[in-house]
Amino acid sequence: MIQTENAMTSALLETAEKSVLFTANRPNIVMERGKGMYLWDTDDNRYLDFVGGWAVASLGHSPEALQEALSRQAATLVHASPGYYNRPMLEFAELLTSLSGMDKVFFGSSGAEANESAIKLARKHGAVNLNGAFEIITLANSFHGRSLATMSATGKPHWKELFSPKVDGFKHVPINDLDAIFAAVTNQTCAIMIELVQGEGGVHSVDEAYLYGIRKICDMYGIMLIFDEVQTGLGRTGKLFAYEHYGIKPDVMTLGKGIGAGFPLSAMLAKSKYDLFEPGDQGGTYTGAPLAMAAGYAVLTELLERNVTDNAKTQGNYIMSKLEQLSGEFPITNIRGKGLLLAFDTPAGAAAELAAICLREGLLINALNPSTVRLVPPLIVSQQDSDAMLGILRKAWGQLSSS
Ligand SMILES: *Cc1c(COP(=O)(O)O)cnc(C)c1O
């Protein structure tokens with residue numbers, strides 16, 4: 001299964017080294033096409049994709065519904081100007097607000113942009129309603145994006161000193177510790193911002209009682225509660241939105257990743273009472289652009305029609321139970337997650353090696369850190385795909401030098 005050395009691929013990889021700014025360690029393969037659960041590289045090696053375009057390809061790769069919507073809209077109107085309404089924008093805004101239980105929406109192109117909007121809206125709320133309160137409480141090990149403000153909101157320990165000085169006004173507290181939230185809240189607090197299942201931070205869920213407590217604190221002091229559902233939203237966790245697992249609603253919710261199924265798109269949704277921006281406060285050249293709106297509308301309609309949310313739940317449970325079985329044979333521990341946002345721990349350092357062996361065997365999995373593997377496949381994954389994944393995983397464990 002080891003990839004063949006092909007002249008075109010070698011030339012492309014030389015270009016990669018020569019011309020692409022280094023930001024990530026990538027394997028020596030070049031992806032070329034995709035369909036459903038699979039990606040193919042330039043050597044025509046096929047990969048079963050349990051990284052799912054980084055929790056993005058909710059409908060699988062290059063889904064027909066998205067292809068059709070994009071070509072139809074491209075032939076009608078690609079871009080109008082952020083200075084005008086356009087028809088797909090209004091149609092998608094109506095659909096998304098009605099499904100999400102939120103009232104108003106601002107569209108962006110990335111999760112970071114949606115979260116940046118939420119941070120600005122929280123500060124506006126502080127300025128208008130809370131005597132200038134500006135502090136936002138977020139969680140240790142959270143991930144909210146890579147803009148400077150969202151990096152400041154993020155609770156990755158090794159990001160603390162990176163790109164200093166950071167944006168001021170963020171307090172990080174440990175997850176599932178309500179006392180720590182109480183201790184952090186002051187009259188300067190304007191918002192609490194959390195992921196319900198921390199995706200990049202290791203797939204850790206907040207507890208129900210904890211979230212209930214946070215909602216109560218926010219209601220008591222008029223603090224805005226923001227759920228970052230960039231990774232958990234749109235069916236990923238086996239509910240359309242992760243907050244449905246808890247029956248607790250946010251004031252503001254951000255969406256990204258799966259919302260465009262691969263087309264760059266994000267959204268910040270808010271309750272009406274937080275419709276606080278004035279002209280000039282927030283915007284963006286591509287906000288609500290027709291092509292992205294048509295993509296979002298088609299993706300959301302297709303997600304609902306194909307009932308991928310229930311499939312995420314069923315397949316998530318199936319994979320979890322099979323991983324539990326595997327843990328009798330291999331050192332797999334702490335199998336966790338919701339729906340198709342899953343992770344397990346390996347002995348220290350084994351995760352990356354396991355992912356590398358799987359890649360050679362035609363399976364993409366994500367080593368979140370040296371001892372954690374995350375599985376975030378497209379939500380259309382079938383039981384047959386899950387069995388194929390588990391088969392390769394089992395084979396890879398057998399080849400692992402440290403096992
Ligand atoms: C991926 C992610 C983001 C950032 O989204 P980008 O599109 O990469 O900017 C923010 N929050 C969460 C929870 C994420 O998983």
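Just above sits the structure.
Residues numbered from 1 in each chain as written. Predicted model: local features only at pLDDT ≥ 70, side-chain atom pairs only at ≥ 80, totals over all residues. Heavy atoms only, no water.

### A short note on the overall build of the chain
No. 1: Looking only at helices and strands, one finds twelve helices and 17 strands in the chain.
No. 2: A compact globule built from 403 residues would reach a C-alpha radius of gyration of about 22 Å, and the chain, at 21 Å, matches this within 12%.
No. 3: Counting every position in the chain, which comprises 403 residues, the buried fraction comes to 53%.
No. 4: Long-range pairs, those at least 24 residues apart, make up 71% of the contacts in the chain between residues at least 6 apart in sequence.
No. 5: Accessible area for the chain stands at about 18000 Å²; split by element, carbon and sulfur atoms hold 53% of it.
No. 6: Of the side-chain charges in the chain, 33 are positive and 42 negative, and the distance between the mean point of each set is 2 Å. (Helix = DSSP H or I, 4+ residues; strand = E, 2+ residues; numbered from the N terminus. Rg over C-alpha atoms; globule rule 2.2 N^0.38 Å. Buried < 20%, exposed > 50% of the residue type's maximum accessible area, 1.4 Å probe, protein only. Contact = heavy atoms within 4.5 Å. Areas by Shrake-Rupley, 256 points an atom, 1.4 Å probe, with all protein chains shown as cover. Lys, Arg positive; Asp, Glu negative; His and termini not counted. Charge placed at Lys NZ, Arg CZ, Asp CG, Glu CD.)

### Remarks on the site of the ligand
No. 1: Within the structure, the ligand sits among Ser110, Gly111, Ala112, Asn115, Phe143, His144, Gly145, Glu195, Asp228, Val230, Gln231 and Lys257.
No. 2: Here a nitrogen atom of the ligand sits 3.3 Å away from a polar atom, N or O, in the main chain of Phe143.
No. 3: Between the ligand and Gln231, the relevant distance is 2.7 Å, taken from an oxygen atom to a side-chain nitrogen or oxygen of the residue.
No. 4: When isolated, the ligand has an accessible area of 390 Å², and the protein chains bury 82% of it.
No. 5: Looking at the shell around the ligand element by element, the count peaks at three residues for helix 5 (residues 111-129).
No. 6: Partitioning the shell around the ligand into residue classes produces three nonpolar, six polar and three charged. (Near = heavy atom within 4 Å. Polar contact = N/O pair within 3.5 Å; in protein donor to acceptor, adjacent residues only side chain to side chain. Nonpolar A, V, L, I, M, F, W, Y, C, P; charged D, E, K, R; others polar.)

### As for helix 1 (residues 7-19)
Because an α-helix completes one turn every 3.6 residues, residues spaced three or four positions apart along the sequence face the same direction.
No. 1: With 13 residues, helix 1 should reach 18 Å at 1.5 Å per residue; the first-to-last C-alpha distance of 18 Å fits that figure.
No. 2: Put simply, Asn6 is the residue that caps the front of helix 1, since its side-chain oxygen is 2.8 Å from the backbone nitrogen of Met8. (Expected span 1.5 Å × (residues − 1).)

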